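Here is what each chain is made of, one letter per residue.
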Amino acid sequence: MSKITEEVEQLTSPIVEELGLELVDVEFVKEGRDWFLRVYIDTPEGSIDIDQCAAVSEKLSEELDRVDPISQNYFLEVSSPGAERPLKKDEDFEKAVGQYVFIKTYEPIDGLKEFEGYLLGYGPDFAKVEIRIKTRKVLVEIDKTKIAFARLAIDF
C-alpha cells in the first residue's frame with residue numbers, strides 16, 4: 001500500500017468508526033490528467049446511504065485539509081464499495097464464505113489464474129472456491145500468498 005493511502009486510511013478509520021461504519025478500501029489513482037482519492041465505506045449490514053457518504057466526506061475533507069498528506073490536486077470521492085466489493089482483509093473473506101466470488105492469482109493454479117465460484121472456506125493459509133468447469137463442480141484450494149485480487153461477484 002502506498003504511503004498516501006496508508007495515511008488516508010489512518011485519518012479515515014476514526015471517522016468511520018465514530019459514525020458506526022466500516023472502512024472497506026482507500027485508493028489513490030491517476031486517471032488521465034486527474035488524481036482521485038477514493039474512499040469506500042459500508043455498514044456492517046451492507047446498506048450505506050448518500051447521507052453517510054456525505055458525512056464521511058465532510059469530516060475527512062477537514063482532516064485532509066488539516067494534515068495535507070497529498071501534494072498534488074485531487075478529487076475526493078466517498079462511496080459504497082458496490083455489489084462487487086473487494087475482499088482484502090481476513091474479515092472480508094470470512095464474511096464472504098458461502099458467497100459468489102472472483103479471485104485472480106499471481107500465478108496459474110492447475111492452469112488457471114482466474115477463479116469465479118462459491119467461497120466455501122477460508123483459513124489462515126488458503127481460500128477454498130468451488131468453481132464450475134463446463135458441467136462439473138471443482139473445489140480449488142488457493143494459497144493466500146498467491147491471491148492478487150479478490151472481490152464479491154454476481155452469479156447470473
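All values derive from a computational prediction rather than experimental measurement.

Some thoughts on the pairing of strand β5 (residues 112-122)
Residues in a regular strand project their side chains so that they alternate between the two faces of the sheet. Bridging between strand β4 (residues 100-109) and β5 involves six bridges; their strand directions are antiparallel. Bridging across to β5, Tyr100 finds its partner in Tyr118. Linkage of β4 to β5, two consecutive antiparallel strands, is achieved through a turn of two residues, within which Asp110 is found at a positive phi near 50°. By the bridge criterion, five bridges tie β5 to strand β6 (residues 126-133) in an arrangement that is antiparallel. Within β6, the residue paired with Tyr122 across the bridge is Ala127. In sequence, β5 turns back onto β6 through a hairpin of three residues.

Remarks on the sheet that holds β5
Taken in spatial order, the five strands line up as β7-β6-β5-β4-β8 in an open sheet, and their pairing is antiparallel. This sheet does not close on itself; its edge strands, each paired only once, are β7 (136-143) and β8 (147-152). Taking the axes of each pair of neighbouring strands and ignoring which way they run, one obtains an average angle of 40° across the sheet. In the sheet, β4 pairs with β8 via five bridges, with the strands oriented antiparallel. For Ile103, the partnering residue across the bridge sits in β8 and is Ala150.

Some remarks on unusual backbone geometry
A positive phi angle, near 55°, is found at Asp68, a position not held by glycine. Mapped onto the secondary structure, Asp68 falls in the loop between α2 (50-67) and β3 (75-79). At Lys134, a residue that is not glycine, the phi angle is positive and equals roughly 55°. On the secondary structure map, Lys134 appears in the loop between β6 and β7.

Side note on the confidence of the model for the protein
If pLDDT is low for a region, its predicted coordinates should not be looked at in detail. Averaged over all residues, the pLDDT of the protein is 92; the fraction at 70 or higher stands at 99%. Taken element by element, the predicted model of the protein shows its lowest mean pLDDT in helix α3 (residues 90-96) (91) and its highest in β3 (96).

Here we look at the packing of aromatic side chains
In this structure the tally under the stated criterion is five aromatic pairs. Taking 5.0 Å as the distance between ring centres and 70° as the angle between the ring planes, the aromatic pair formed by Tyr100 and Tyr118 counts as edge-to-face. One end of the pair, Tyr100, is in strand β4; the other, Tyr118, is in strand β5, and 18 residues separate them in sequence. When its relative accessible area of 16% is taken as the criterion, Tyr100 is described as buried.

Concerning α2
Between its first and last C-alpha, α2 extends 25 Å over 18 residues, near the 26 Å set by a 1.5 Å rise per residue. Among the structural elements, α1 (3-18), β2 (34-42) and β3 are those in contact with the buried residues of α2. Among the residues of α2, the N-terminal cap falls to Asp49, whose side-chain oxygen and the backbone nitrogen of Asp51 are separated by 3.0 Å. Phi turns positive, to about 55°, at Asp68, one or two residues after α2.

What counts and what doesn't
- Residues numbered from 1 in each chain as written.
- Predicted model: local features only at pLDDT ≥ 70, side-chain atom pairs only at ≥ 80, totals over all residues.
- Heavy atoms only, no water.
- Pairing = 2+ DSSP bridges.
- Helix = DSSP H or I, 4+ residues; strand = E, 2+ residues; numbered from the N terminus.
- Axes fitted to C-alpha atoms, helices over the stretch in contact; angles between N-to-C directions.
- pLDDT = per-residue confidence, 0-100.
- Phe/Tyr/Trp six-rings, centres within 6.5 Å; stacked < 30°, edge-to-face > 60°.
- Buried < 20%, exposed > 50% of the residue type's maximum accessible area, 1.4 Å probe, protein only.
- Expected span 1.5 Å × (residues − 1).
- Contact = heavy atoms within 4.5 Å.
- Polar contact = N/O pair within 3.5 Å; in protein donor to acceptor, adjacent residues only side chain to side chain.

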